[in-house]
Each structure stands twice: as structure tokens, then as C-alpha cells.
Amino acid sequence: MAAGGGPQKGGGARPRKAAAGGEPPKTRDARGDAAAACAQRNDRGGHLKLRGGAALLAIAGCLLFVTWQGSATATLKKGDGRGAASSSVDDLLAGQQMHHQEMPLFAFDSLLAPLPWTAGGGVWRTGVVPKPGGSGAAGGGRADGDARRSFALLRGAIRPWARELRSSLEGLADGSAFGIHADEVDGLPAYESYLLLRGQPSAGLGASSGGTRVVEALEEIMPFLRGQYTCEACVACTAFLRRYRQGERLLNPNHFDMEAFVTIVVALSDSSEHGGGLYVQSNASAQSRRLLTMDTGDVLMHQYDLNHGVAVSSGMRYSLVVWVASNRRACADGHSPWYADDAARGDADAQWNLGHLHKRGERGYALNSEAAFEWYRKSALQGHPGAMNNLALMLEERSASDDVGASFGADGGNADAWFRRSAELGEANGQMNLARRLAAAGSVAEATRLYAKAASQGFPKAMVALGALLEDEAGGAAVAASAADRASGSMALPPSTPEEWYLRAATLGHGPAFRALGRLHESKGAADVASDWHRRGGEQGDGDCMIALAKQHLQGAGVDISVEAAKAWLRRAAATGPPEAEQLLTLLSEM
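From a predicted model like this one, the values you see are computed outputs, not experimental measurements.

(A) Representation of the overall build of the protein chain. In terms of helices and strands, the protein chain carries 22 helices and 13 strands. Every one of the 591 residues in the protein chain was classed for burial, and the buried ones make up 55%.

(B) Summary view of the side chain of Arg-149. For Arg-149, the location among the structural elements is in strand β4 (residues 148-155). On the basis of relative accessibility, which here comes to 4%, the residue Arg-149 falls in the buried class. Within the local environment of Arg-149, its side chain forms a polar contact with the backbone oxygen of Asp-305, the two atoms lying 2.6 Å apart. Separated by 2.7 Å, the side chains of Arg-149 and Asp-349 make a polar contact.

(C) Geometry of the packing of helix α14 (residues 444-456) against helix α15 (residues 460-470). Interhelical geometry of α14 versus α15 gives an angle of 150° and a closest axis separation of 8 Å. When the interaxial angle is binned, α14 and α15 end up roughly antiparallel. The handedness of the crossing between α14 and α15 is left-handed. Residues Val-444, Ala-447, Thr-448, Tyr-451, Ala-452, Ala-454 and Ala-455 of α14 pack against Ala-462, Met-463, Ala-465, Leu-466 and Leu-469 of α15. In the contact of α14 with α15, the residues fall into 11 nonpolar, one polar and no charged.

(D) Highlighting the packing of helix α20 (residues 543-555) against helix α22 (residues 579-589). It is the contact of α20 with α22, at a shortest axis distance of 11 Å, that shows an interaxial angle of 25°. By the angle class used here, α20 and α22 are roughly parallel. Taken as a pair, α20 and α22 cross one another with a handedness that is left-handed. Of the residues in α22, those touching α20 at Ile-547, Lys-551 and Leu-554 are Glu-580, Ala-581, Leu-584 and Leu-588. Residue classes in the contact of α20 with α22 are distributed as five nonpolar, no polar and two charged.

(E) Focus on the pattern of salt bridges. For the structure on display, the rule yields 25 salt bridges. For Arg-329, the salt bridge goes to Asp-333, with nearest N and O atoms at 2.5 Å. Of this pair, Arg-329 and Asp-333 both sit in helix α7 (residues 328-333), four residues apart, which is roughly one turn of that helix. Arg-329 gets classed as exposed once you look at its relative accessible area, which sits at 62%.

(F) Region of the structure containing the state of the cysteines. For the structure on display, the rule yields two disulfides. Two residues share a disulfide in this structure: Cys-237 and Cys-331, whose sulfurs sit 2.2 Å from each other. Classification of the bridge connecting Cys-237 and Cys-331 rests on its S-S torsion, roughly 95°, and on that basis the disulfide is right-handed. Within this pair, whereas Cys-237 is found in strand β7 (residues 235-245), its partner Cys-331 is found in helix α7, the two being separated by 94 residues in sequence.

(G) Highlighting the pairing of strand β12 (residues 299-303). Burial of β12 is extensive: five of the five residues sit out of reach of the surface. Of the two faces of β12, the one lined by Val-299, Met-301 and Gln-303 and the one lined by Leu-300 and His-302 are each fully buried. Judged from the four bridges that link them, β4 and β12 form a sheet pairing that is antiparallel. By the bridge assignment for β12, Leu-154 is matched with Val-299. Sheet topology places strand β9 (residues 262-267) next to β12; five bridges connect them, and they run antiparallel. Its bridge partner being in β12, Val-265 is matched across the sheet by Leu-300.

About the thresholds
- Residues numbered from 1 in each chain as written.
- Predicted model: local features only at pLDDT ≥ 70, side-chain atom pairs only at ≥ 80, totals over all residues.
- Heavy atoms only, no water.
- Helix = DSSP H or I, 4+ residues; strand = E, 2+ residues; numbered from the N terminus.
- Buried < 20%, exposed > 50% of the residue type's maximum accessible area, 1.4 Å probe, protein only.
- Polar contact = N/O pair within 3.5 Å; in protein donor to acceptor, adjacent residues only side chain to side chain.
- Axes fitted to C-alpha atoms, helices over the stretch in contact; angles between N-to-C directions.
- Parallel < 35°, antiparallel > 145°, perpendicular 65-115°, else oblique.
- Left-handed = near helix turned anticlockwise from the far one by under 90°.
- Contact = heavy atoms within 4.5 Å.
- Nonpolar A, V, L, I, M, F, W, Y, C, P; charged D, E, K, R; others polar.
- Salt bridge = Lys/Arg side-chain N within 4 Å of Asp/Glu carboxyl O.
- Disulfide = S-S within 2.5 Å.
- Pairing = 2+ DSSP bridges.

These results come straight from atomic positions and should not be treated as a statement about function.
Right under this line is the structure:
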């Protein structure tokens, strides 16, 4: 898993990663409370006593209160939500560019060395990036205090086997083997297929033999890994395939692989097949990202302390990710004993990860908020931006006051101060959390600027949050002022309207952006366009979009009235997690 704090996959069956900046920014959404209130009114003998069309209209009225309260109603065209509306949506998406500068390539300063098992065709080299703190075990901490995160890039390490695996992926008729369960980093559909779980073969690609084949193929490179990372007992523990393509997932935000002592990434696509790819990030700012070009059969190896991610701008990319445990017992038990050792030696990344694990009571560590707080504090004091953000979140949780500027004394400092230090170091989650608190305190202009900083790093959550603030007069004025300041510069101006920010996030596959676009068009009375955005978001796995489209089917808003279509979308939404879907299904079943 990654070191941030994304939700764990159901039942612990699948492992976890988390975002590099720690736990994601908190958000507020009153829809669940409104739906619950609506359900309570129904349970008290109101609408559910009705039957037939009267019941449908009553439920539709209740849902109208939940979804469109406060907005004007209009006579809207009914249909299937496609046609002209769909065409306009297609045009908007096609015309929306990713608006990112070409990511620079990582500059290696090490010499190439041959890989002996590749019959003279493979080579490898080491890359290093800075690391918070002065010493530690992971990533190559040194006695002189000049700590480094290191990784190894092996060219052509297992090319024949990788090509064979890629061919088997192309043979899949519809790609359904790639699950759309929520990813732990950003909560969006993962498009992963697991081949190995806790050392045991899984039925990825529809055959349990896939995990066995992975272990066999990796036997060629495991001796190299064991020597490189001084872990004679290391074993391949978890393995999964990932797919990136337009209309599914294009980004895997920067993160740390918390469940892995060492991670192996095998490229299953050539760099010519896609734009962008896997990158490493040397500090909290997205400006430090550097692309690693990888072709089929190339292998990246790194420890848990490497901040990395994926950004695909075009084409399709496949990869195999393998998480290696320090020994078979740790793999089978789902434990990560290496963190306690490395944290005790002063490794800032290990301290941060250990804080996460104590906060959740996972990976063999006891649930202990005091221990979590202390490890976050130690890591933050070494200059770790992610730890600063998590420390601030715990200080915020500990506060017994609703005062945004409350101080928490000598046990760690002030939440806003730590959020600000994290934000100033370029940590996007710190920027978003500080923006959230400033907006709540009425400092909308400064909050807008912070959201814009996070959005400029390519974070879709920040883009949606910024779009929402832009709908506020003060937020729009702040962005207009920022654009005026930059008008004479060489950098391209950012989007200046809510719809433009939502569109940018939608092109990155961010589900909440589709819902935001749908809500925006609802407010304009364009329910047919709204339904198309909701459909697209629902097809990408966003539960809120599915619920919104179900409500439109119940009301006949922009689509034909259809209880069956509404139930179908609600059933899909219920599988993604939002409790409102189950509540509405219950209402409909009792008609």
C-alpha cells in the first residue's frame, strides 16, 4: 500500500497503497443526511403508503428535494440522454487538452552495468533522489547524513516472458479481468487484476496459474534483488496487473508502496505505445517529477520510500506490479516488520509509514493513536511534508474547539501551522487541507489560491474543489486577479471558470468531476446534458453519478421515466459503497 491514507479495499482481501501526501483532504457533503431524512419521512407512513404512479411521483418529489433543493425547475426534454447532448459532451472532452508541460526525463549519473542472465542484451543502472532527514536504513541512508532514496532500472530484464504476458492481455475480449474496485490511493476504479495475494496464486486473467507463472518468471531477477537490498529471505508476495487508457484510468497519483519492502514494476508496453508513463518525484512538489522511459520487459526496483506515480497522456499502458516481503512469514501474516527497525534508526519515511500503521492498527502493529502521533511528529520534525500534513490532521481531530485557529499547545503545535508548512513545501494534500480550513474561516480568496496551487500539480480533487469555489463570487475574483498577474508572463493561463476546471479533471478520469459537471448543467436547466455526464461518470465507476442518473430516471429529467433503469443504476452504485444507494433501493422495493 502507499503511505497516505486511502481507504482499504474490502475485507483486507486486497492490499493497499495510499497517497503520498497522507490522508486526503476532508470534504463535506450533505446529500447523505438529506437522503436519510427523506427515508425517515417515508418510514413514518408518508409516501410509501401510496401505490403505482402516485408512489413514483412522491418518491421523485422526495428525491428532488435531496438532489436539486434550492434550484429552479424547468420543462426539460426527455430522451435517452444521448443525441445532441452526447455530441456536445464528446466535443468538450475532445477539445480539452491535458495542459501539462512535457515531463522531463530522469537524469541518471550512474554507469550502465550488464545483466548476466540476459545473454548480453540487458543492462541496469541506479538512480537516486533526495530523502527527508539525515540517516536511516531504507533508500541508502549514509553516515554523513546525506540520505537518498534509490532505485534500479533494469533494461530488457525479462523481455521474452513480458511479451508473452502482454500477448495474453491482448487476447482478452473485453478486458473485464481488470477490476473496477476502488483504488486505495484516490478511491477511483483501479483497473487491476490480481495474480498473487500473500504469496498464493489468485485467479487474475481468469486462471489461477497466473500467479505461479509470475513467481517462476521472477526467479531470474530475485537473486539480483536479494543482493541489491541485502534481503536473502525476500519473496514475491503480491502481484497485480494494471491498465491505463482513455475512458478508464490515466493517472495513478504519486504515492509510496507501504506493503512492500521492495517493489518490482515490469513494463508490459513499449514507450512508443503511450504518452507519459511512470515517474519518480524527488520532493513534495509536482515540479520535481521525472519520467522513466520503459519498454516491454524493462524492470524498475525500489523500496517503500520512493515517491512515484503514473501519468499517461495518450495511448494505453500495461504493467505488472509485484510487492516483495522481507520473508515468507511476513508475507503470509500480512505484516511489515521492517518499519519498526528503520524508524528506530531515524528513517523519516519509515517513521511516517509507522505512524499510518499505528493509526489504523494494521500490518502487525497495534492500534495506538498516541504512537501514531509521535511517529508523525518525529518524521515531520525531519522535514517530511506528508508527515506534516498527517500530524496536522491528528491535531485537528484532537481539538475540542470548533475555532479554526485553535492552538493545541506543546504536544505538537498548531494544526494550521503544520498544514501551512506542508503546503509551502509543495505538498498538495497540505495545500488542499489548509485551503479547506481557510474557506471555512471565510478566507475564500486565499483558499482559492491554495486550491489552484494543488490543481496546477495535476490533482483532480483540487480541480473539482477549485471549480466549486469559483462558483462563489470571492473565489472567482481571486482567480481573475491571479490571471491578471500572470497575463504578461510566458506560462499559459489556467482555466478561469468552474466548467473548465471540472472538464480538466474529467479528462483525467476523475469521477467526482463528472458529477460536478452534471450538477452544473442541472443548475442551468440542461438535464439532458447532465444525464450524459452522469452516465459517463457512472460507466467509469463513480457511485454518485450512478445515483444521480437513477434519480433522473425516476423523475424523467432529461431521460425517460424508468423505475427499472433507476434500480439498475442504484444496484451498481450500491456495489461501489455509497449508502444512499441502498436507502433508495429500499424505498423503491417497498412501493
